[in-house]
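Summary of the model geometry
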Amino acid sequence: MEPNEVDCSIGKLRFLKTLNMDGCDSVEELPEEVGCLESLTEFIFCRSSKLVTLTESVGNLKSLSSFRVEYCKKINELPNSIEGLVKITHFSIEGCEGIKKLPHSLWGLKSLVELNLSFSGIDSLSDSIENLKKLKVIKMGYTKLKRLPVAIGQLEMLEDGEIPDAIGHLSRLRILNFSCTSISKLPATITNLSHLEELHVQDCRHLSGEIPDAISDLSHLRILNFYGTDIFVSPTTITYLSHLDKFKELHVWNCQNHTREIPYAIGHLSHLRILDFSNTHIYGFPTTIIYFSSRRVTVGCLNIGIVALPNSIENLKKLRVLSLCRTKIKEIPHTIGGLEMLEGLYANKSWDLTDKNMEEIGKFSHLKKLNSAFTSVSRLPPEISHLHLQNLKIKEIPHTIGELEMLEGLYANKSWDLTDKNMEEVGKLSHLKKLNLAFTSVSRLPPEIRLEMLESLYANKSWDLTDKNMEEIGKVSHLKKLNLAFTSVSRLPPEISHLHLQNLKCTNLITIHPSISELQLLETLNIKGCSSLGKLPEEVCSLQSLKQIIMPQNFQPLKLLERFGNLKSLSSFDLNKNPNIYQLPNSIGGAATLTRLTLRGCVGIKELPSSIGDIKMLAELDVSTSGIVALPNSIENLKKLRVLSLCRTKIKEIPHTIGGLEMLEGLYANKSWDLTDKNMEEIGKLSHLKKLNSAFTSVSRLPPEISHLHLQNLKVGSIELQQVPTLPSRN
């Protein structure tokens, strides 16, 4: 077999239903024998940079219902033989930029329901498209189409499409999507679409003119999206839209040709949920905005628009999100406290916004997100419960933060420049439950900490964080989640349920916590990367709530393994490439609750104990890159096993009892070079098997009963595809 081919014996998989070759990047062509897959219903070939053409024998796939050849950049044509796909319902060439024309035979696929041409090189369509009488969905976004055939209007079943003039005949059309196309105007016949619910023309840069007033005749219309166009939404249009009982969303973001004022009639859009005038030139809202029952309003401008909000905004009792970013608003209206349901207030980069009426924000009982970064605000309302300062270029916590007596959540993660300044103010927040300082430059925790209610503290990858004031955390009785990974901390507090210590520089957990056995609520212990940790104290085996342990490399957990049966709640155990462990004790069979066991990279382990079959709940077993040379026959007792990974091992044969794994869905053995055909027929008994990977092995035959063969991203030699070996016939 050439390194860029699929073996011709693939044609002998007579019962194959799914062929998935997503990501087989080096394959240039498929053999004609693919056409012999008479049971194939789904064909997927995506993301190949070298596939140039498809074999004509593809047309012989009489049972095929779904055909997806996507993002194959070099393929430039489809075979005429596709007319033989008589049962095809879904056909996609999304992302195939080289395909400029569709073969005439495509228009004979009378069963076709969905046609996806998005992001392809298609620049025209034939009038023969009218033959696709069952077509319901046609996707043509981001193509080079400049015009569409009049005959498209004959597709009476169409529900979702991007269609011009003849649309007046499409009585069932519900969704009309012209987004990112080169259309320059809306067809007048759009008003004949009596069932239209959504009209999207987002980013149609050439689209201009006005929306026809007769659009108010579309009684089912719910969404109008003119985002990024030069369409003009006139006051008259708004007036007409107010007659639509089902209308919920109006998007005119970045419509620079938009009117500078919103008509009073907008207040009559009683069911409106989203009103987006961001980056337009509007200067204000009419007083009729009080009639909204909206749940979200977004307003904004190009630093020249909105300068004030009306006091009547207090009547928007169901408003959930209010965005005032990049506006010239100078003050919050004194009535804003009436927004009972407001959850998010965004005012960042509204440089002129001041403290005036800021205390009103404290009345928001549901407010979760407040962003006033890059404004002139210097104080915050004391009643606020959640303060979000993520991803900001701030260097210090606001000095008034200690006054936020009701604050429950402070989130400053990924504000990389944030330092210790004003950190002592954080220590005054007696109601704080969640503190996130991850990915910051904070080097110490608050002194004299009073965080009695703190439940979670995240400071991972705050590299400069040290032990200073760490003893204060020991006073936090409610702490459940602590993540100090990738910091310089060397000792920890008690009473937590999730402990993440990745990459801490410690030699013994006892030095981190002298009585680790007291952590009876601990559910997760992650010490991955703690390379200095010599051993795990025996006290860990007494932690009855422990569900997950993730071990470091160069670590000897034998004592723990011998007492596995004591960990009554353990569900996941990861030894993480540990070369110093040479065997698993028989006592491992006592881990009755274990569902996931990972021995990946444990090269010292040569075999599994027969007691492995006693772990009745085990669902995932991974021995990849370990020293395992054989699997015990007792593996047949793992009736709930779903995933078995044997990659890069020295296993020579599949155990003859493997057919007993009734629930097995995935079997991965790629790059286990010595694996042979012995007992391979047993795999045919695995009725739930969905994914089989035997690439880079010595397997020369596969069970003919297999129905789903996934070859995604596999590598054989220098190519990314498994060699499909010579296969016996079922007879």
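Residues numbered from 1 in each chain as written. Predicted model: local features only at pLDDT ≥ 70, side-chain atom pairs only at ≥ 80, totals over all residues. Heavy atoms only, no water.

1. Re the overall build of the chain
- Helices and strands together make up the secondary structure of the chain, namely four helices and 33 strands.
- Relative to its 731 residues, the chain shows a buried fraction of 55%.
- Taking the intrachain contacts of the chain between residues at least 6 apart in sequence as the baseline, contacts between residues at least 24 apart amount to 45%.
- With the model as given, the accessible surface of the chain reaches about 31,000 Å², and the carbon-plus-sulfur share is 47%. (Helix = DSSP H or I, 4+ residues; strand = E, 2+ residues; numbered from the N terminus. Buried < 20%, exposed > 50% of the residue type's maximum accessible area, 1.4 Å probe, protein only. Contact = heavy atoms within 4.5 Å. Areas by Shrake-Rupley, 256 points an atom, 1.4 Å probe, with all protein chains shown as cover.)

2. A look at the pairing of strand β2 (residues 42–46)
- In terms of residue burial, β2 counts as a mostly covered element, since four of its five residues are buried.
- Sheet analysis places strand β1 (residues 18–20) next to β2, joined by three bridges and oriented parallel. By the bridge assignment for β2, T18 is matched with E42.
- One ladder, built from five bridges, connects β2 with strand β3 (residues 66–70); its direction is parallel. Pairing of E42 across the sheet is with S66, part of β3. (Pairing = 2+ DSSP bridges.)

3. Considering the pairing of β3
- For β3, the tally of buried residues reaches four of five residues, placing the bulk of the element in the interior.
- Direction of pairing for β3 relative to strand β4 (residues 90–92): parallel, over a ladder of three bridges. When the sheet's bridge partners are listed, F67 is paired in β4 with F91.

4. Considering the packing of aromatic side chains
- According to the stated counting rule, one finds two aromatic pairs in the structure shown.
- Ring geometry for F43 against F67: centres 5.8 Å apart, planes inclined by 25°, an arrangement best described as stacked. Remark: F67 occurs in strand β3 and F43 occurs in strand β2; sequence separation between them is 24 residues.
- A centroid spacing of 4.7 Å and a plane angle of 15° characterise the contact between F67 and F91, whose relative ring orientation is stacked. With a gap of 24 residues between them, F67 in strand β3 and F91 in strand β4 connect regions that are remote in the sequence.
- One aromatic cluster is present, built from ring pairs that chain together F43, F67 and F91. (Phe/Tyr/Trp six-rings, centres within 6.5 Å; stacked < 30°, edge-to-face > 60°.)

5. Details of the pattern of salt bridges
- As enumerated under the stated definition, the model contains twelve salt bridges in all.
- Across the pair E198 and R222 runs a salt bridge whose closest N-O atoms are separated by 2.8 Å. Of this pair, E198 sits in strand β9 (residues 198–200) while R222 sits in the loop between β10 (208–210) and β11 (223–225); the two residues are 24 residues apart in sequence, bridging distant segments of the chain.
- Residue R222 is classed as partly exposed on the basis of its relative accessible area, which comes to 24%.
- When salt bridges that share partners are traced, they join E197, E198 and R222 into one network. (Salt bridge = Lys/Arg side-chain N within 4 Å of Asp/Glu carboxyl O.)

6. Some remarks on the nonpolar core
- In this structure, L597, L599, L644 and L646 are the most contacted members of the largest nonpolar core, which totals 49 residues.
- Beyond its immediate sequence surroundings of up to four residues, L599 is in contact with L575, L584, I605, L608, D622, V623, S624 and S626. (Core = buried A, V, L, I, M, F, W, Y, C linked by side-chain atoms within 4.5 Å.)

7. Considering the side chain of H251
- Along the polypeptide, H251 turns up in strand β13 (residues 249–251).
- Relative accessible area serves as the criterion here: at 16%, H251 is assigned to the buried category.
- Among all residues touching H251, those that are not within four sequence positions of it are I223, L224, N225, F226, Y227, I274 and D276.

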